[in-house]
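# Chain and residue survey
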Amino acid sequence: MWATSHHFYTSVGLDTDRRAEPANLEAHVRLRWPGNGSFLLGADQYRLPPERPLELLDPGAALFEAPRRPVPRSRWNDWGFWLIQEEYPPTRLPVRSPEKAAASWVGVPGWLPVLLTGAWPALTTWRARRRASGPRS
């Protein structure tokens, strides 16, 4: 995903619904590549109309769509680090269509998970083998 993280929006995760007052809530819990080179982990919550049936668990995904880049708010965002905590007041209750209630996301540059899960362990293994083989003449 790192190779395409600057050009496409991809999101995989689960959708969960729950009863709440004054409106039922749906959460989209996701691993997301928004198209800006970052990797985000978090959730968006939506208020649901009261008559809509609830689905307790539903897989959700969007693969290789047009980028949905969040607007950078700081230099940290330009470098690929994100912390998004937002709450949206209801427009009118009860809601008639799904409406965003909150967003919570943590993001890192797309290369960081690659480095931590691939390159860094490979480098550590290479160094350990080099030390084990002893000095070369």
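All chains considered together, the criterion is met by four aromatic pairs. Between Phe8 and Phe64, the ring centres sit 5.7 Å apart and the planes meet at 90 degrees, which makes this aromatic pair edge-to-face. Residue Phe8 is located in the segment before strand 1 (9–18), and its partner Phe64 is located in strand 4 (residues 58–65); the two are separated by 56 residues in the primary sequence. Assessed through its relative accessible area of 33%, Phe8 is described here as partly exposed.

In terms of burial, strand 3 (residues 38–48) is largely enclosed, as eight of its eleven residues are buried. Pairing between strand 2 (residues 24–33) and strand 3: nine bridges, direction antiparallel. What sits directly across from Leu31, in strand 3, is Leu41. Between the end of strand 2 and the start of strand 3, which pair antiparallel, lie four residues, with Gly35 showing a positive phi angle near 105 degrees. Judged from the ten bridges that link them, strand 3 and strand 6 (residues 99–109) form a sheet pairing that is antiparallel. The partner of Asp44 across the bridge, within strand 6, is Ala103.

The subject of this paragraph is the environment of Val95. Mapped onto the secondary structure, Val95 falls in the loop between strand 5 (82–87) and strand 6. Since its relative accessible area comes to 2%, Val95 is described here as buried. Placed 73 residues apart in sequence, Val95 and Pro22 show a C-alpha to C-alpha distance of 9.4 Å. Setting aside anything within four residues of it in sequence, one finds Val95 in contact with Arg47, Leu48, Pro49 and Pro50.

This paragraph deals with the side chain of Asn24. Within the fold, Asn24 resides in strand 2. A relative accessible area of 8% means that Asn24 is categorised as buried. In contact with Asn24, other than residues within four places in its own chain, are Arg18, Arg19, Tyr46, Arg47, Leu48, Pro49, Pro50 and Leu54.

Let us now look at helix 2 (residues 111–133). The terminal C-alpha atoms of helix 2 lie 31 Å apart, and with 23 residues this matches the ideal 33 Å at 1.5 Å per residue to within 8%. Along helix 2, the largest kink reaches about 35 degrees and is centred on Ala119; proline Pro121 follows within four residues of it. Phi turns positive, to about 80 degrees, at Gly134, one or two residues after helix 2.

Grouped together as the largest cluster of nonpolar side chains are five residues: Leu40, Trp82, Ile84, Ala103 and Trp105. When contributions to this core are tallied by element, the ones reaching two or more residues are strand 5 and strand 6. Setting aside its immediate chain neighbours within four residues, Trp105 contacts Arg30, Arg32, Leu40, Leu41, Gly42, Ala43, Asp44, Trp82, Leu83 and Ile84.

Before going further, it helps to examine the pattern of salt bridges. Scanning the entire structure with this criterion turns up eight salt bridges. As a salt-bridge pair, Arg30 and Asp15 come within 2.8 Å of each other at their nearest N and O atoms. Linking Arg30 in strand 2 with Asp15 in strand 1, this pair joins segments that are 15 residues apart in sequence. Each member of the pair Arg30 and Asp15 is classed as buried. Among the ionic pairs, Arg73 bridges to Glu86, the shortest N-O distance being 2.3 Å. Highlighted residues: Arg73 in the loop between strand 4 and helix 1 (75–78) and Glu86 in strand 5, separated in sequence by 13 residues. Where salt bridges share partners, they join Arg32, Asp44 and Lys100 into one cluster.

Rules used throughout
Residues numbered from 1 in each chain as written. Predicted model: local features only at pLDDT ≥ 70, side-chain atom pairs only at ≥ 80, totals over all residues. Heavy atoms only, no water. Phe/Tyr/Trp six-rings, centres within 6.5 Å; stacked < 30°, edge-to-face > 60°. Helix = DSSP H or I, 4+ residues; strand = E, 2+ residues; numbered from the N terminus. Buried < 20%, exposed > 50% of the residue type's maximum accessible area, 1.4 Å probe, protein only. Pairing = 2+ DSSP bridges. Contact = heavy atoms within 4.5 Å. Expected span 1.5 Å × (residues − 1). Bend = angle between axes of the 7 residues up to and from the residue. Core = buried A, V, L, I, M, F, W, Y, C linked by side-chain atoms within 4.5 Å. Salt bridge = Lys/Arg side-chain N within 4 Å of Asp/Glu carboxyl O.

By themselves, these observations are geometric and do not establish any function.
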